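For reference, the chains in residue letters:
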Amino acid sequence: MSKINDSIRKRRSVYPAQYINKPIPREILMELLTNANHAPTHKLTEPWRFKIFTGIGKKNLGEFLAEKYSEITPEFSPAKFEKIRTNPEKAGAILAIIMHRDPAERIPEWEEVASVACAVQNIWIALEQYDLGGYWSSPALCKFLGEHVQLKENEKCIGFFYIGYCEASDRIVKKKPIEDKVDWIAE
């Protein structure tokens, strides 16, 4: 199997509890972000933006999200509060996934969301070469990120991508056969 096929098929979610507490060098983060920047984009809107949280920024993000959770949640769970508060510190870095909507709205919003998702997938596929794992979380708390960090007009947070060093895994993700998901029309 070619290297790219192998990387795509090994892509998996690796959660913050599985990370090894180790910072990720800025050069590696920039390589990953450069990969993101090569995602497909209709009309070249390039709608992906990222806010990178490292060091104390991760702790501050966790505290902000936990406090916001406690403010807006009627059925408060102390365990969930603690998980929200501490998960960011387990990661080597957190990328707030931001979609910048084309101000002219030349294309449907779903296409820009899809472009941002492709940018994240480019990052995700490249993680393995650095012994890194990743996890895309899209909690309801995303919509409040603008209260913690500045977002520009037409920007909104659509998730958080947690990245961390992890042990190599030979876990195979079981997928249903592609044959069950395809109809050949020309045959």
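Structure: see above.
Comments concerning the nonpolar core
1) Next: Within the largest apolar cluster, 25 residues are counted, with the highest numbers of intra-cluster contacts made by Leu 32, Phe 50, Ile 123, Phe 161 and Ile 163.
2) Next: Those elements that provide at least two residues to this core are α2 (26-36), β1 (48-53), β2 (93-100), α5 (109-126) and β4 (155-165).
3) Next: Here the element with the most residues in this core is α5; it accounts for 6 residues.
4) Next: Not counting the four nearest positions on each side in its chain, Ile 163 is found in contact with Tyr 19, Ile 24, Leu 32, Ala 91, Gly 92, Ala 93, Leu 95, Ile 123, Leu 127, Leu 132, Gly 133 and Gly 134.
5) Next: Membership of the second largest hydrophobic core comes to 22 residues, among which are Phe 64, Cys 142, Phe 144 and Cys 166.

Thoughts on the pattern of salt bridges
1) Next: Inspection of the entire model under this criterion finds 9 salt bridges.
2) Next: Its salt-bridge partner being Glu 147, residue Lys 68 comes within 2.7 Å of it at the nearest N-O pair. Here Lys 68 is found in helix α3 (residues 56-72), whereas its partner Glu 147 is found in the loop between β3 (132-137) and β4, with 79 residues between them in sequence.
3) Next: Of the residues examined, Lys 68 reaches a relative accessible area of 9% and is grouped as buried.
4) Next: Note that Glu 82 and Arg 85 form a salt bridge whose closest N and O atoms lie 2.5 Å from each other. Residue Glu 82 and its partner Arg 85 are located together in helix α4 (residues 78-90), separated by 3 residues, close to a single helical turn.
5) Next: Owing to a relative accessible area of 34%, Glu 82 belongs among the partly exposed residues under this scheme.

What about α4?
1) Next: For α4, with 13 residues, the first-to-last C-alpha span of 19 Å sits near the 18 Å given by 1.5 Å per residue.
2) Next: If you look at α4, its biggest bend is around 25°, right at Ile 84, and the proline Pro 88 turns up within four residues after that.
3) Next: Buried within α4 are the following residues: Phe 81, Ile 84, Thr 86, Asn 87 and Pro 88.
4) Next: As for α4, its buried residues are in contact with α3, β2 and β4.

A word on the packing of aromatic side chains
1) Next: Scanning all chains against the criterion turns up 5 aromatic pairs.
2) Next: Taking 5.5 Å as the distance between ring centres and 40° as the angle between the ring planes, the aromatic pair formed by Tyr 69 and Phe 76 counts as tilted.
3) Next: For Phe 76, a relative accessible area of 38% corresponds to the partly exposed category.
4) Next: Three or more aromatic residues joined by ring pairs form one cluster here, namely Tyr 15, Tyr 135 and Tyr 162.
5) Next: One residue, Arg 11, lies across the ring of Trp 124, its end atom 4.3 Å from the ring centre.
6) Next: One residue, Lys 22, lies across the ring of Tyr 165, its end atom 4.3 Å from the ring centre.

Reading the values: the criteria
Residues numbered from 1 in each chain as written. Predicted model: local features only at pLDDT ≥ 70, side-chain atom pairs only at ≥ 80, totals over all residues. Heavy atoms only, no water. Core = buried A, V, L, I, M, F, W, Y, C linked by side-chain atoms within 4.5 Å. Buried < 20%, exposed > 50% of the residue type's maximum accessible area, 1.4 Å probe, protein only. Helix = DSSP H or I, 4+ residues; strand = E, 2+ residues; numbered from the N terminus. Contact = heavy atoms within 4.5 Å. Salt bridge = Lys/Arg side-chain N within 4 Å of Asp/Glu carboxyl O. Expected span 1.5 Å × (residues − 1). Bend = angle between axes of the 7 residues up to and from the residue. Phe/Tyr/Trp six-rings, centres within 6.5 Å; stacked < 30°, edge-to-face > 60°. Lys NZ or Arg CZ within 6 Å of the ring centre and 35° of its normal.

Such coordinate-based values are descriptive only and should not be taken to indicate function.
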